[in-house]
Amino acid sequence: MLYLKYFGLLIGLVSGVYTGVAYLEGSDLQLYHEYREQVACESPAPESIAPCICSVDESNGRTLKCSFEFKANEDVTEKVETIFANFDDTNNKFAKVDIDFGTNKRPENFSFNSKSTGRLEMESLKVGSFCTTDEHSPVMFSDTALVNSQISLAEIEIWQNTCPGYQTFFFAENFLADLVKLRYINLQYYNYDAQKFPEVSLENLESLGFSYPKMSNMTPNMFPVMSKLYYLRLNNLEVTELPAGLIENFPALKLFVSSWGNIEVIPSGFFHNMSSSQFIDLSVNKITSVDLTGLNWNTYVSLDRNNITQLAEANFRPYVEGILNNMNATGYISIKSNPLECSCDVKWLVYDLDATFVFQDAVCANGTTLQEINPIEIMEQCPDY
């Protein structure tokens, strides 16, 4: 577990039932919530909102947790609206709202709208354990779902189950509109092809994560400008190449993760403006070529479990020289489980720069480690390389 201790990664959801601190677990940014002792809320009456449970801690931070179990094809509209009708301006403020659908997983006719979550003023919303359809998605996540949380909501986390037929979900067009304090979004199985993010209202976003998204047509400007974004995760992508310019709209970006996918090529210049970089994870893909030019010399780069055969000088030398030219540089590359040829393509690294230490866990296809290659022998074998 790698803890990140600079200002941008302290999410700071302190006013409520928990404090939120961001940390990396593997390559995934998580929020660590420090829960405090809680008791039942005085209002509304517990029986009136079952199966939801309202609790409050000693600092008066309130949490609402709803675990719904609906029958197949049950019309739940009236049942849900009756529960949420018990919340008004006197009891609707929550540090955290957590909603899941238990073993049912397919909440037919359920809608987050002005008569359900739209009645609440939330700082954090988490939704999990559900399946939906393309037809029902914009109804489930409607334009009015967050209407009362536009000046309070800081965190959204929505994860859908592995549903039959690789089903995805997406938001109504204005689901994310006017959320002026939103800083953290984490989505699983989101259909970005069906509904992109709005051009405005995400100016304060600091962390954006996707797992198993549907992004079949990735373009340089597919995301809006997010000047404060420091963490971007695009895991489990189906596309084979990331477009050049994809991260151009994120000048504060420090951490970029895209692992467990089908990526084959990171194009030249992809990282050329990422001068504040600290962590790049491109592990477990099918990458054959990656250009690291532009990365900060304190950046940890993971290229583990890819298909890289050559350490092309044009792609790696600028980054390696940045490390060599800065006495306090901490950057390095992890490149284990790649079929490295370790031929004349590494002469620049072994003989010219004597910098094989930058590549950790590098083992050639013949079993020799990169550090074991004799610089004199490779110079003699590749005099004109």
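Residues numbered from 1 in each chain as written. Predicted model: local features only at pLDDT ≥ 70, side-chain atom pairs only at ≥ 80, totals over all residues. Heavy atoms only, no water.

Looking at unusual backbone geometry
Worth spelling out the cut-off: Helix numbers and strand numbers start at the N terminus; a helix is a DSSP run of H or I with at least 4 residues, a strand a run of E with at least 2. Working definition: with a 1.4 Å probe on protein chains only, accessible area under 20% of the residue-type maximum means buried, over 50% means exposed, and in between means partly exposed.
In this structure, the amide linkage connecting Ser43 to the following residue, Pro44, adopts the cis form with an omega of 0°. Inspection of the secondary structure puts Pro44 in the loop between strand S4 (38-40) and helix H1 (46-49). Residues Ala50 and Pro51 are joined by a peptide bond in cis, for which omega reads 10°. Along the chain, Pro51 turns up in the loop between H1 and strand S5 (52-57). Of note, Trp260 is a non-glycine position whose phi angle comes to about 55°, a positive value. Classification of Trp260 by relative accessible area gives exposed; the value is 51%. Its identity is not glycine, yet Asp361 carries a phi of approximately 60°, on the positive side. Structurally, Asp361 is set in the loop between strand S21 (359-360) and helix H6 (375-381).

Section: the state of the cysteines
Note the cut-off: A pair of sulfur atoms, both from cysteines and within 2.5 Å, is called a disulfide here.
A complete count under the given rule lists 4 disulfides for this structure. Disulfide pairing places Cys41 opposite Cys54 at an S-S distance of 2.0 Å. Given an S-S torsion of about -75°, the disulfide between Cys41 and Cys54 has left-handed geometry. You can see Cys41 sitting in the loop between S4 and H1 and its partner Cys54 sitting in strand S5, a full 13 residues away along the chain. Both residues of the pair, Cys41 and Cys54, count as buried. Cys344 shares a disulfide with Cys382; S-S distance 1.9 Å. Every disulfide takes its handedness from the sign of the S-S torsion; for Cys344 and Cys382 that torsion is -85°, giving left-handed. Taken together, the residues Cys344 in the loop between strand S20 (332-334) and helix H5 (347-352) and Cys382 in the segment after H6 connect sequence positions 38 residues apart. Residue classification places Cys382 among the buried positions, given a relative accessible area of 4%.

Let's talk about the packing of aromatic side chains
Here is the rule we go by: Between the rings of Phe, Tyr and Trp (Trp by its six-membered ring), a pair exists once the centres lie within 6.5 Å; its type follows the angle of the planes, with under 30 degrees stacked, over 60 edge-to-face, and the other angles tilted.
Enumeration over the complete set of coordinates arrives at 33 aromatic pairs. With centroids separated by 5.5 Å and ring planes inclined at 65°, the aromatic side chains of Phe316 and Phe359 adopt a geometry described as edge-to-face. Separated by 43 residues along the polypeptide, Phe316 in helix H4 (residues 313-324) and Phe359 in strand S21 bring together distant segments of the chain. Considered together, Phe316 and Phe359 belong to a single accessibility category, that of buried residues.

Here's the deal with the nonpolar core
As a reminder of what qualifies: Nine residue types can take part in a nonpolar core, namely buried Ala, Val, Leu, Ile, Met, Phe, Trp, Tyr and Cys, and a core is a set of them joined through side-chain atoms within 4.5 Å. Contacts between residues were defined by any pair of non-hydrogen atoms, one from each residue, lying within 4.5 Å.
Formed by 102 residues in total, the largest nonpolar core has its most connected members in Leu64, Phe223, Phe256, Phe271 and Phe359. For this core, the leading source of residues is H4, giving 4 residues. In this structure Phe223 touches Tyr192, Leu208, Phe210, Met215, Leu234, Leu246, Asn249 and Phe250, once residues within four positions along its chain are discounted. Tyr230, Leu255, Val257 and Phe279 belong to the second-largest nonpolar core, a separate cluster that totals 5 residues.

Points about the pairing of strand S13 (residues 207-211)
Basically, it comes down to this: Only strands joined by at least two bridges in the DSSP assignment are considered to pair.
The buried fraction of S13 is high, at 5 of 5 residues. As paired elements, S13 and strand S14 (residues 231-235) share 5 bridges and run parallel to each other. Following the sheet pairing, Phe210 is matched in S14 by Leu234.

As for helix H2 (residues 77-84)
Heads up, the condition is: As used here, the arc is the angular range of directions from the helix axis to the C-beta atoms.
Considered for burial, the residues of H2 that qualify are Val80, Ile83 and Phe84. One side of H2 carries all its buried residues, which in axial view fall inside an arc of 90°. Those residues of H2 that are buried are in contact with H1, S5 and strand S6 (62-67).

A short note on the confidence of the model for the protein
Quick reminder of the rule: Scored from 0 to 100, pLDDT reflects the predictor's confidence in each residue.
For the protein, the mean per-residue pLDDT works out to 88, and 88% of the residues sit at or above 70. Counting contacts from residues 1-21, a segment whose pLDDT is below 50, to residues more than four positions away or on other chains yields 69 contacts.

Topic: the pairing of S14
Counting buried positions over the 5 residues of S14 gives 5, a clear majority of the element. Pairing analysis gives 3 bridges linking S14 to strand S15 (residues 255-257), with the strands arranged parallel. Across the sheet, residue Tyr231 finds its bridge partner in S15, namely Leu255.

A closer look at the side chain of Ser211
Tracing the sequence through the fold places Ser211 in strand S13. For Ser211, a relative accessible area of 12% corresponds to the buried category. In this structure Ser211 touches Leu187, Gln188, Tyr189, Arg233, Asn235 and Asn236, once residues within four positions along its chain are discounted.

A look at the pattern of salt bridges
Here is the rule we go by: Here a salt bridge means any side-chain nitrogen of Lys or Arg lying within 4 Å of a carboxyl oxygen belonging to Asp or Glu.
Within the structure shown, the criterion is met by 5 salt bridges. Salt-bridge contacts for Asp98 lead to Lys65; the nearest nitrogen and oxygen are separated by 3.6 Å. A residue pair is termed long-range when its members are at least 10 positions apart, and Asp98 in strand S8 (residues 96-100) and Lys65 in strand S6 qualify at 33 residues. Asp98 sits in the buried class, given a relative accessible area of 13%. Among the salt bridges present, the one from Arg317 reaches Glu321, with a minimum N-O distance of 2.8 Å. Of this pair, Arg317 and Glu321 are both found in helix H4, 4 residues apart, which corresponds to roughly one turn of the helix.

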